[in-house]
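Architecture and fold: a report
Residue strings, one per chain:
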Amino acid sequence: MDSELTRMTAAALAAAMAAGEVSAAEVTRAHLDRIATVDARVHAFLHVAGEAALRVARSVDERRAAGEALGPLAGIPIALKDIFTTADMPTTCGSAILDGWQPPYDATITARLRRADMPILGKSNLDEFAMGSSTENSAFGTSRNPWDLDRVPGGSSGGSAAAVAAWEAPVGIGTDTGGSIRQPASVCGLVGVKPTYGGSSRYGLVAFASSLDTPGPLARTVLDAALVHEAISGHDPCDATSVDAPVPPVVAAARQADVSGLRVGVVSEFSGEGYQPGVLARFGEAVELLESLGAKVTEVSCPHFTYALPAYYLIAPSEASSNLARFDAMRYGLRVGDDGTHSAEEVMSLTRARGFGAEVKRRIMLGTYALSSGYYDAYYGKAQQVRTLIIRDFEAAFEQVDVLVSPTTPTTAFPIGERTDDPLAMYLADLCTIPSDLAGNAALSVPCGLAPEDGLPVGLQIMAPVLADDRLYRVGAAVEAALDQRRGHPLLHDAKGLGS
Ligand code: GLN
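These lines cover the structure that appears in this document, whether it is placed above or below. Note that the coordinates shown come from a computational prediction; the quantities given were computed from them, not determined experimentally. (Residues numbered from 1 in each chain as written. Predicted model: local features only at pLDDT ≥ 70, side-chain atom pairs only at ≥ 80, totals over all residues. Heavy atoms only, no water.)

Attention shifts here to the overall build of the protein. Helix and strand counts for the protein stand at 16 helices and eleven strands. Its C-alpha radius of gyration of 21 Å places the protein within 12% of the 23 Å reference for a compact globule of 500 residues. When its C-alpha atoms are laid out on the principal axes, the protein stretches across 65 × 55 × 45 Å. Relative to its full complement of 500 residues, the protein shows a buried share of 60%. (Helix = DSSP H or I, 4+ residues; strand = E, 2+ residues; numbered from the N terminus. Rg over C-alpha atoms; globule rule 2.2 N^0.38 Å. Buried < 20%, exposed > 50% of the residue type's maximum accessible area, 1.4 Å probe, protein only.)

Shown next, in the form of structure tokens:
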């Protein structure tokens, strides 16, 4: 049985629960049933936590019945990317090296979902250690795009995106290091947000590139994303890079949905060759829409953004090569060759050879090379200088405009298998999202219609200054509302691949 409850937004579900029209247990049960019906085809989840999720939901119902005041998302189920530690569920990071590992503690994000009384439906699939743009680098199989099951759902947070787009969860959590929340959101027709770096805690988030990794929400509407953003944000003393400042008023901004007088800059570097014509057409219409809603639109050049991708592919692998050294066959998960005939070094080497996939090995080698003595200044050092130039481009741009916009990703969802043998083609999926990761500022992807060539979703990326996350929601909600009035919310179409 497929319930209408799975078609509702988190905000609508919360209102229905508060009004006593539906119980939290019914809401969680409906999503677990939907997972049971479609996840064999979508493969969004690596682990489903049926009974534990229902227990949380039942306790919400009991406490509501007892008159307890509950938070705005109490009883809203959520999909959690399998890169956050969970004391009651395995955490694999999509890697064979962590297969079967059970963490001893909850990540701060996990703990905040529990504090918000949100039932965690399970752990969602991802590219191994979040390295990739399609989930094809998962050691446990590819997730599929609910709009077309032969296409990728994006990545690395593709499992959370596929779950939300396939009505298996109303909202999800991803992480963004180079675009891993916004790109899957874009190709699955969802809203995805990378908060300001440090705005959401990395404690218990298995590290890929520590100076970039940022947890954030995936949702079907801008308001739902804002509600999750607020629930997971705020200072965390367990993360040294956590920002100790008030959380930007993202929920209020999503409700404000107003762009009149706002200065919007179109990044001139992000268009032209390599972009799918239908993506540029929908992006152009979104810009015209913003103008018709009262925004002042200008073109802004950010000349160093074209160097962001190569700089990222030195900085992120450098940090990864160091972070992944902890998987040494001694402390976590897999251990190969521990039969008394091999030295500790051999066990380490055999385990890493078997446990890591090809892309992870490629990054470890690239990063180790970029950090090696004699090459450090030429590669890692140079990339850090480029990073500074990108930060300056943003600073100069934000003197002229309040937000910047671009397409989120150059193409719609690509076919499974199309880019697996061509790492550079895969890397290009993050061309437009990487600058905000390198600079640490906030950015959001909101659906802006379907590409005429293939009928697949296109995303509009909005970028705001550091700690001005609320601006993203003001603009995103205005675009969403205007599109809603014009042609029906693009997200609330039934996903083609799965039918209704
Ligand atoms: N696709 C990019 C990469 O492979 C970004 C990944 C991410 O944001 N985690 O590194």
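Let us now look at the sheet that holds strand S6 (residues 214-219). Pairing is mixed across the open sheet formed by eleven strands, whose spatial order is S1-S3-S2-S4-S6-S5-S10-S11-S9-S7-S8. This sheet does not close on itself; its edge strands, each paired only once, are strand S1 (45-48) and strand S8 (296-300). The average angle at which neighbouring strand axes cross in this sheet is 25 degrees, direction not considered. Relative to the sheet, helix H4 (residues 108-115) contacts strand S2 (78-81), strand S3 (120-124), strand S4 (171-176) and S6, its axis offset from that of S2 by approximately 170 degrees. (Pairing = 2+ DSSP bridges. Axes fitted to C-alpha atoms, helices over the stretch in contact; angles between N-to-C directions. Contact = heavy atoms within 4.5 Å.)

The subject of this paragraph is the site of the ligand. Not every one of the 15 residues close to the ligand is listed here, only the nearest: Gly178, Ser180, Tyr312, Arg363 and Asp430. Asp430 is positioned with one of its side-chain polar atoms (N or O) 2.4 Å from a nitrogen atom of the ligand. Protein coverage of the free-state accessible area of the ligand, which is 290 Å², stands at 100%. (Near = heavy atom within 4 Å. Polar contact = N/O pair within 3.5 Å; in protein donor to acceptor, adjacent residues only side chain to side chain. Areas by Shrake-Rupley, 256 points an atom, 1.4 Å probe, with all protein chains shown as cover.)

Following the criterion strictly, the structure yields zero disulfides and no others. The thiol of Cys93 is not disulfide-bonded; the next cysteine sulfur, from Cys238, is found 19 Å away. Free cysteine: Cys448, not disulfide-bonded; nearest cysteine sulfur from Cys432 at 12 Å. By relative accessible area, Cys448 is classed as buried at 2%. (Disulfide = S-S within 2.5 Å.)

Moving on, we get to the packing of helix H2 (residues 24-42) against helix H3 (residues 50-65). Contact geometry for H2 and H3: axes closest at 7 Å, N-to-C directions at 160 degrees. If you check the angle between H2 and H3, you find them roughly antiparallel. In the crossing of H2 with H3, the sense of the turn from one axis to the other is right-handed. Between H2 and H3, the contacting residues are Ala24, Ala25, Thr28, Arg29 and Leu32 on the first element and Gly50, Ala53, Leu54, Ala57, Arg58, Val60 and Asp61 on the second. Its residues assigned to classes, the contact of H2 with H3 shows seven nonpolar, two polar and three charged. (Parallel < 35°, antiparallel > 145°, perpendicular 65-115°, else oblique. Left-handed = near helix turned anticlockwise from the far one by under 90°. Nonpolar A, V, L, I, M, F, W, Y, C, P; charged D, E, K, R; others polar.)

Here we come to the environment of Val206. As for its placement among the helices and strands, Val206 is situated in the loop between strand S5 (191-194) and S6. When the C-alpha positions of Val206 and Arg41 are compared, they lie 28 Å apart, and in sequence the two are 165 residues distant. With residues up to four places along the chain from it excluded, the contact list for Val206 reads Ile83, Cys93, Phe129 and Phe327.

This next bit is on unusual backbone geometry. Of note, the amide linkage connecting Gly155 to Ser156 takes the cis form, showing an omega dihedral of 10 degrees. Within the fold, Ser156 resides in the loop between S3 and helix H5 (158-165). One non-glycine residue with positive phi stands out, namely Cys93, at about 55 degrees. Assignment of secondary structure puts Cys93 in the loop between S2 and H4. Looking at Cys93, the relative accessible area reads 0%, which means it is buried. Its identity is not glycine, yet Thr135 carries a phi of approximately 65 degrees, on the positive side. For Thr135, the position within the fold is in the loop between S3 and H5.

Once that is clear, we can look at the nonpolar core. In terms of nonpolar packing, the biggest core is built from 124 residues, with Phe129, Leu404 and Tyr473 touching the most fellow members. Sequence-distant contacts of Tyr473, defined by excluding residues within four places in its chain, comprise Val193, Pro217, Val222, Ala225, Ala226, His229, Val250, Ala253, Ala254 and Leu444. Among the nonpolar cores identified, the runner-up in size contains 14 residues, and Leu32, Phe45, Ala162 and Ala166 belong to it. (Core = buried A, V, L, I, M, F, W, Y, C linked by side-chain atoms within 4.5 Å.)

Attention now goes to a nonpolar patch on the surface. Among the surface-exposed residues, Tyr369, Tyr375 and Tyr379 lie close enough to one another that they form a single nonpolar patch of about 290 Å² accessible area. Turning to its location among the elements, Tyr379 is positioned in helix H13 (residues 377-400). Its relative accessible area of 33% is what places Tyr379 among the partly exposed residues. (Patch = residues over 30% accessible without salt bridge, like charges linked within 9 Å, V, L, I, M, F, W, Y side chains within 5 Å. Salt bridge = Lys/Arg side-chain N within 4 Å of Asp/Glu carboxyl O.)

Evaluation of the coordinates by the stated rule reveals 15 aromatic pairs. Ring plane angle 70 degrees and centroid distance 6.1 Å describe the contact between Phe129 and Phe356, whose orientation is recorded as edge-to-face. Here Phe356 lies in the loop between helix H11 (344-355) and helix H12 (358-371) and Phe129 lies in the loop between S3 and H5, a separation of 227 residues in the sequence. This pair shows no difference in class: Phe129 is buried, exactly as Phe356 is. Every member of this aromatic cluster is reached through a ring pair, and the members are Trp101, Phe129, Phe327, Tyr332 and Phe356. Stacked on the ring of Phe414, the Lys or Arg Arg419 has its end atom at 4.0 Å from the ring centre. (Phe/Tyr/Trp six-rings, centres within 6.5 Å; stacked < 30°, edge-to-face > 60°. Lys NZ or Arg CZ within 6 Å of the ring centre and 35° of its normal.)

Another aspect to go through is H5. Counting buried positions over the eight residues of H5 gives eight, a clear majority of the element. Taken residue by residue, H5 has Gly158, Gly159, Ser160, Ala161, Ala162, Ala163, Val164 and Ala165 as its buried positions. One or two residues past the end of H5 sits Trp167, with phi positive at roughly 65 degrees.

What follows concerns the pattern of salt bridges. In this structure the tally under the stated criterion is 18 salt bridges. A salt bridge links Arg182 to Asp176; the shortest N-O distance between them is 2.9 Å. The exposure class assigned to Asp176 is buried, which follows from its relative accessible area of 0%. Among the ionic pairs, Arg182 bridges to Asp437, the shortest N-O distance being 2.6 Å. Of this pair, Arg182 sits in helix H6 (residues 182-187) while Asp437 sits in helix H15 (residues 434-439), and the two are 255 residues apart along the sequence. Owing to a relative accessible area of 1%, Asp437 belongs among the buried residues under this scheme. It is possible to trace a salt-bridge network through shared partners that takes in Arg63, Glu68 and Asp117.

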